[in-house]
Amino acid sequence: MAPIHVDETSGSDTTGAGAPDSPYQSLGYALFTHPGQAYLIRKDPTASYEEPTQSSLKKAKKTADGLEKKKKKAEELAEREAREEGEKRAKREKLLEESKKVVLVEDEALPEAIRSKIAHLTAYRSKRVRVLGWVHRLRDQKGIIFIVLRDGTGYLQAVLSDRVSQTYEALTLTLESSVEFVGTLQEVPEGKTAPGNHELIVDYWRVLGASPGGDDAFTNRLNEKSDPSIQADLRHLVLRGETASAVLRLRSYLLSAFRQALTSYSLIEVTPPCLVQTQVEGGATLFKLDYYGQPAFLTQSSQLYLETCLPSLGDVFCVQESFRAENSHTRRHLSEYTHLEGELAFITFDDLMTHIENFICRTVDILLKDPVSARLIETLNPGFEAPTRPFLRLSYVDAIDWLNKHGIKRPAEDSEGNPIKDESGQVKMVEHAVGDDIAEAAERQMTDRIGAPVFLYGFPAELKAFYMKKMPPKEGEKGNMVFTESCDLLMPNVGEIVGGSMRISDIDELLAAYRREGIDPEPYYWFTDQRKYGTCEHGGYGLGVERFLAWLANRYTVRECSIYPRWPGRATP
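Basis of the calculations
- Residues numbered from 1 in each chain as written.
- Predicted model: local features only at pLDDT ≥ 70, side-chain atom pairs only at ≥ 80, totals over all residues.
- Heavy atoms only, no water.
- Helix = DSSP H or I, 4+ residues; strand = E, 2+ residues; numbered from the N terminus.
- Rg over C-alpha atoms; globule rule 2.2 N^0.38 Å.
- Buried < 20%, exposed > 50% of the residue type's maximum accessible area, 1.4 Å probe, protein only.
- Areas by Shrake-Rupley, 256 points an atom, 1.4 Å probe, with all protein chains shown as cover.
- Lys, Arg positive; Asp, Glu negative; His and termini not counted.
- Charge placed at Lys NZ, Arg CZ, Asp CG, Glu CD.
- Pairing = 2+ DSSP bridges.
- Salt bridge = Lys/Arg side-chain N within 4 Å of Asp/Glu carboxyl O.

Colleague: Got a minute to help me understand the overall build of the chain in this structure?
Modeller: Secondary structure summary: the chain contains 15 helices and 21 strands in total. Relative to the compact-globule value of 25 Å for 573 residues, the chain shows a C-alpha radius of gyration of 36 Å, a clear excess of over 25%. Expressed as lengths along the three principal axes of its C-alpha atoms, the size of the chain is roughly 110 × 85 × 55 Å. Sorting the 573 residues of the chain into buried and exposed places 43% on the buried side. As displayed, the chain has an accessible area near 31300 Å², and 50% of this comes from carbon and sulfur atoms. Computed over 71 positive and 85 negative side-chain charges, the separation of the two mean positions in the chain equals 7 Å.

Colleague: How should the pairing of strand E5 (residues 144-150) be read in this particular structure?
Modeller: Across a regular strand the side chains alternate sides, sitting on one face of the sheet and then on the other. The buried fraction of E5 is high, at six of seven residues. The antiparallel hairpin formed by strand E4 (residues 128-141) and E5 contains two residues in its connecting segment, where Lys142 sits at a positive phi of about 55°. Bridge analysis of E5 against strand E6 (residues 155-160) gives six bridges, and the strand direction is antiparallel. Bridged to Phe146 within E6 is Val159. Taking the residues that link successive antiparallel strands as the turn, the E5-E6 hairpin has four residues, and the phi of Gly152 there is positive, at about 95°.

Colleague: When you look at the pattern of salt bridges in this model, what are you seeing that I'm missing?
Modeller: Opposite charge on two side chains permits them to pair, given that their charged atoms come into close proximity. The tally for this structure, following the rule as stated, stands at 30 salt bridges. Notably, a salt bridge pairs Glu8 with Lys43, separated by 3.3 Å at the nearest N-O pair. Residue Glu8 is located in the loop between strand E1 (4-7) and helix H1 (27-33), and its partner Lys43 is located in the loop between strand E2 (39-42) and helix H2 (54-99); the two are separated by 35 residues in the primary sequence. Since its relative accessible area comes to 35%, Glu8 is described here as partly exposed. Residue classification places Lys43 among the exposed residues on the basis of a relative accessible area of 59%. A cluster of three or more residues bridged by salt bridges with shared partners is formed by Glu106, Arg128, Arg130, Glu180, Asp203 and Arg206.

Colleague: I'm lost on the pairing of strand E19 (residues 486-491) in this one. Help?
Modeller: Taking burial as the measure, the six residues of E19 include six buried ones, the bulk of the element. Taking every second residue as pointing to the same face, both faces of E19 are buried, with Ser486, Asp488 and Leu490 on one and Cys487, Leu489 and Met491 on the other. Examined bridge by bridge, strand E18 (residues 454-457) and E19 share four bridges and lie antiparallel to one another. Bridging across to E19, Tyr457 finds its partner in Cys487. The pairing of E19 with strand E20 (residues 495-502) spans six bridges and is classified as antiparallel. Paired with Cys487 across the two strands is Gly500, which belongs to E20. Between the antiparallel neighbours E19 and E20 lie three residues, among them Asn493 with a positive phi of about 75°.

None of this, on its own, says anything about what the molecule does.
Set out below in structure tokens:
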């Protein structure tokens, strides 16, 4: 029989096999794994294998004996654990079998239960109530089962004890199962906490829809550590989480507050079409489709339609989905987003910015005044405070100067818009100049440093849409740069949330704008007619609801602020 080899330097008791080219590291381990065989040992690979001395064998024997004791101890422990696990399983199976004999029947002698949503339970304390929902949390404590129930309006702690907790359904209950609970609503004892400061002592209940356990259990499919792509695929399950549902609940309150604020300023809500045959923000970002043999698009903006409503309805607004075929993966871009747009007649550019500031501040005031929405904001964005007024107004030219003074540079670009690199291969950074399109990153840095809402206004005409009104040149102003009566409202941590402008009111100027942009005026006949039949000075704006919500709720990305967000490559679920 071949001797067992040991190398005290390069050998391994874990991966070694006792062969010359795969030796063990310790003689003790060699004796433990191969008792009664011949052994050869060396100090390191430079030495030759030799027989071990008697003293080293004696010492190794003690090590081997210790390893043998450990092995027996581990075997005894494993055997005991297996036995205990078997007994536990048998006990569990017996308990489950016995539990099948426990059948709950609602006691008709008890007062009739009042069916209620969780949000309305406070009025029914000390009364018997019936509540339906989903198992949000589940805890078994010495035979008493504590459940946090969720019904979409709030959370309720339910307590199952005695016979109520001994049914087969109780012992096999899983998270996200839908259930019906009936019992007495009691205020929690002093020093204890529970959602709503009350709990339901259940006397009857039943499972309406069981959720699977095992490998397909809810927590095995989705948890906080799940990869973002998995979370996107399982968005329908993510929505059940406390944070996701709180964001969407706040979104609902936000939309309601927007409408309340705007109608208080005498704006009327209208519903323009989403299927259109005209562009608003440039043809490159249009989603094109075949509309019964005619070319059509998903709307980029409802602005043109809102303008047509001014002569009949006065100032108007809409809350409508807009679509941008823009291959952007930033944290503030979506391919489909909720667009709040307003249009106002007989106003000046100053009036427009004042209106935007007023309605945004009123919206925030409405939310903070309502105890439910205020609590949601505090939960999602602790310490949130309403923005200080008046908002800072910074002209585009002054913003360029501000960026340069504060060392915020932009990537140098060639004539085709490609970044220019220096000798080391790094993108070359240069100062901003009048005429540059201020990038999102620079805007955000500026706004974050200022730490307050900023109206950036007066952008160059070449950077803006064809319909925007031009600013009259200032006295003594030099150069050929033409600026527009346009503005962006920037918020800290998010950047632009509103874009607005005065519109061209003169028909000849509008026709010239069509020609300049290479736009066929024929499909826009109805829009042009607004200048033909009683034109007026007017302006409007568009607000990204998801961006506003991201600012309000302190969310990192607008994807958290849409029920099922759409971005390039993502159109499911």
